[in-house]
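Examining the three-dimensional arrangement
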Amino acid sequence: MDTESDTDQTQPQDITLSFPDAETVEAALPTREIPSFATVESHPETPVESDIIKATQYAVNNLSGPLSSVPAGGTIAVGLGSRGIHDIQTVAQVTIDELISRGYNPVVIPAMGSHGGATPAGQRQTLEEIGLNEETLGCSIDAGMETTVLGETTRGHNISFAQSAVDADGIIVINRIKPHTNFTGYIESGLSKMLTVGLGKQAGARTFHETALTNGYVDTIERALEIICDTVRVIGGIGIVENFHEQTAHIDGIPADKLPEAETSLLTRAESYLPTLPFDDLDVLIIEKIGKDISGAGMDTNVVGRYRVLNADNPDTPAISRIVVLGLTETTHGNGQGIGLADITTANVVSELDFEQTYTNALTSASVSKAHLPLVMPSERHAIQAALGTIGQYDPQTARIAWISDTSQLSQFHLSTGLLPGIEATDSLTIKQRMELCFTDDIARFDPLTDS
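Residues numbered from 1 in each chain as written. Predicted model: local features only at pLDDT ≥ 70, side-chain atom pairs only at ≥ 80, totals over all residues. Heavy atoms only, no water.

1. What about the packing of aromatic side chains?
Stated precisely, the cut-off is as follows: We call Phe, Tyr and Trp rings a pair once their centres come within 6.5 Å, taking the six-membered ring for Trp, and we label the pair stacked below 30 degrees between planes, edge-to-face above 60, and tilted otherwise. The helix and strand labels rest on DSSP assignments: H or I over at least four residues marks a helix, E over at least two residues marks a strand, and numbering proceeds from the N terminus. Working definition: with a 1.4 Å probe on protein chains only, accessible area under 20% of the residue-type maximum means buried, over 50% means exposed, and in between means partly exposed.
Under the defined criterion, the tally for this structure stands at 5 aromatic pairs. Ring geometry for phenylalanine 355 against tyrosine 359: centres 5.6 Å apart, planes inclined by 80°, an arrangement best described as edge-to-face. Separated by 4 residues within a single helix, phenylalanine 355 and tyrosine 359 lie in helix H15 (residues 355-365), roughly one turn from each other. Among the residues examined, tyrosine 359 registers a relative accessible area of 45% and is labelled partly exposed. On the numbers, 4.9 Å between centres and 80° between planes, the contact of tryptophan 403 with phenylalanine 446 is edge-to-face. Highlighted residues: tryptophan 403 in strand E14 (residues 401-404) and phenylalanine 446 in strand E17 (residues 443-448), separated in sequence by 43 residues. Each member of the pair, tryptophan 403 as well as phenylalanine 446, is classed as buried. These aromatic residues form a ring-pair network of at least three members: Phe37, Trp403 and Phe446.

2. Focus: unusual backbone geometry
Along the chain, leucine 259 connects to proline 260 via a cis peptide bond; the corresponding omega equals 0°. Within the secondary structure layout, proline 260 lies in the loop between strand E9 (248-255) and helix H12 (263-273). Residue proline 318 is reached from threonine 317 by a cis peptide bond, and omega for that bond is -5°. Turning to its location among the elements, proline 318 is positioned in the loop between helix H13 (301-304) and strand E11 (319-325). Phi at glutamate 246 takes a positive value of approximately 65°, unusual for a residue other than glycine. A positive phi is found at histidine 333, a non-glycine position, where the angle reads about 50°.

3. Remarks on the confidence of the model for the chain
For the record, the criterion: On a scale of 0 to 100, pLDDT captures the predictor's confidence in every residue. Contact between two residues is taken to exist if any of their heavy atoms lie within 4.5 Å; hydrogens are not considered.
Confidence in the prediction of the chain, expressed as mean pLDDT, is 92, and 96% of residues score 70 or more. Of the regions scoring below 50 in pLDDT, residues 1-8 engages in 1 contact with residues more than four places distant in sequence or in other chains.

4. Structural notes on the pattern of salt bridges
This is how the line gets drawn: Take a side-chain nitrogen of Lys or Arg and a carboxyl oxygen of Asp or Glu: if they are within 4 Å of each other, that pair is a salt bridge.
With the rule as written, the count across this model stands at 12 salt bridges. Among the ionic pairs, arginine 124 bridges to glutamate 134, the shortest N-O distance being 3.5 Å. Of this pair, arginine 124 sits in helix H6 (residues 120-128) while glutamate 134 sits in helix H7 (residues 134-137), and the two are 10 residues apart along the sequence. Where aspartate 343 meets arginine 306, a salt bridge forms, and the shortest distance between an N and an O atom there is 3.0 Å. With a gap of 37 residues between them, aspartate 343 in the loop between E11 and strand E12 (344-346) and arginine 306 in the loop between H13 and E11 connect regions that are remote in the sequence. The pair aspartate 343 / arginine 306 is uniform in exposure class, with both members buried. The structure contains a network of salt bridges with shared partners spanning Glu26, Arg381 and Asp442.

5. Digging into the packing of helix H3 (residues 52-61) against helix H5 (residues 88-101)
Applied cut-off: Axes here mean lines fitted to C-alpha atoms, for a helix over just the part in contact, with angles spanning 0 to 180 degrees between N-to-C directions. By the definition adopted for this analysis, an angle is roughly parallel if under 35 degrees, roughly antiparallel if over 145, roughly perpendicular if from 65 to 115, and oblique otherwise. The sense of a crossing depends on the near helix, which, turned anticlockwise from the far helix by less than a right angle, makes the crossing left-handed and, turned clockwise, makes it right-handed.
Running from N to C, H3 and H5 point in directions that differ by 50°, and their axes come no closer than 9 Å. The pairing of H3 with H5 is recorded here as oblique in orientation. The crossing of H3 and H5 is right-handed. Contacts from Ile52, Ile53, Thr56, Gln57 and Val60 in H3 reach Thr90, Val91, Val94, Thr95 and Glu98 in H5.

6. Focus: helix H11 (residues 217-231)
Heads up, the rule is: A helix is expected to reach a length of 1.5 Å times the quantity of its residues less one.
Spanning 15 residues, H11 covers 21 Å between terminal C-alpha atoms, matching the ideal 21 Å at 1.5 Å per step. Those residues of H11 not exposed but buried are Tyr217, Val218, Asp219, Thr220, Ile221, Ala224, Leu225, Ile227 and Ile228. Of the surrounding secondary structure, the elements contacted by the buried residues of H11 are strand E5 (147-152), strand E6 (158-162), helix H9 (191-196), helix H10 (201-215) and strand E8 (234-242).

This is the structure:
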């Protein structure tokens, strides 16, 4: 046996990926005429919370009962996550100010599982990028990744929990309540999930997803939450519901003894405000950017109609034949989890991927399909042509194509002319301007369509 050779095989190797060039792609692809588009605005009626400060103060007051059990001067761990919640700075600051005014010592704990590369520095940076740091919050941040096991459910799920939260005299989490990107149920993304997954850090998130893939997400949340609330002093949470335009629509304080059931009514509200495309089926959806700041899955699976999760059926609608991704958000820092939901992307996007972060996220969440590489084209022009050339029989006059900036920004988007007859009589949609898709150095852009 060649011992030295065996050792060498275990060492990581630098691998340079090489994708087909323009000449190769063009030889294999038919050239499709690109239809004209129109810019469309969506403006459904939706509520807005008029006074974020008062609403947050009222929500904290709803937690007065369980807060009264915390001794004066006691430490309250405040769990904050990684998502781009519109008013998170104000809600977090007011919550912390209220706790200080009541004589408590708040400390912020990143409650985001493995996000930020599963490192203390990465999780601090993730909070910093959504405006949450020690200076703006007015309290310290403990970003340690250490956990302790609180117990084991009857499903064999070991409940890991942030040691800094275990050491606190009370725990409050602040999170948006919304439909989840992997499953449906009477509870989805929100306070209970943040307690059972986010505050579990990487260790807890990994064992949670491992159990949930076998036994279901809702069942796993319920059983884990029971052990957490029986073992550590959970005060409750501040739940935020956002409207169609990602503005705050409602804020509520939910004591621990009302969880998880009290989240259901807020989830129902969130579902009614959820930004969605006004179509049940599309030939092509083109997304300018995906990222962890937009959705845990990079793109909102409720918008694109794809979960790609073990033991979970995809939503019935929308049915989209081809999804094209043209970029990553700056604040995702190369974490391309969700790129596997697309069918086609570009070499530029792949060059921006940080595979360490993407794979850490994929392995922790057990959503490995979301980290798969789609077909990689040499440019945006080739990516769009590849989508149009692989949907079957093609007619530019009837092709159903939507173009969006990202899945959270659906108040304005571009639609191909084949989709316009279906919306011209819709009160909540307005056609603003006719556009044509052009390319400069194979980079896509929209120009106003002229009569000439």
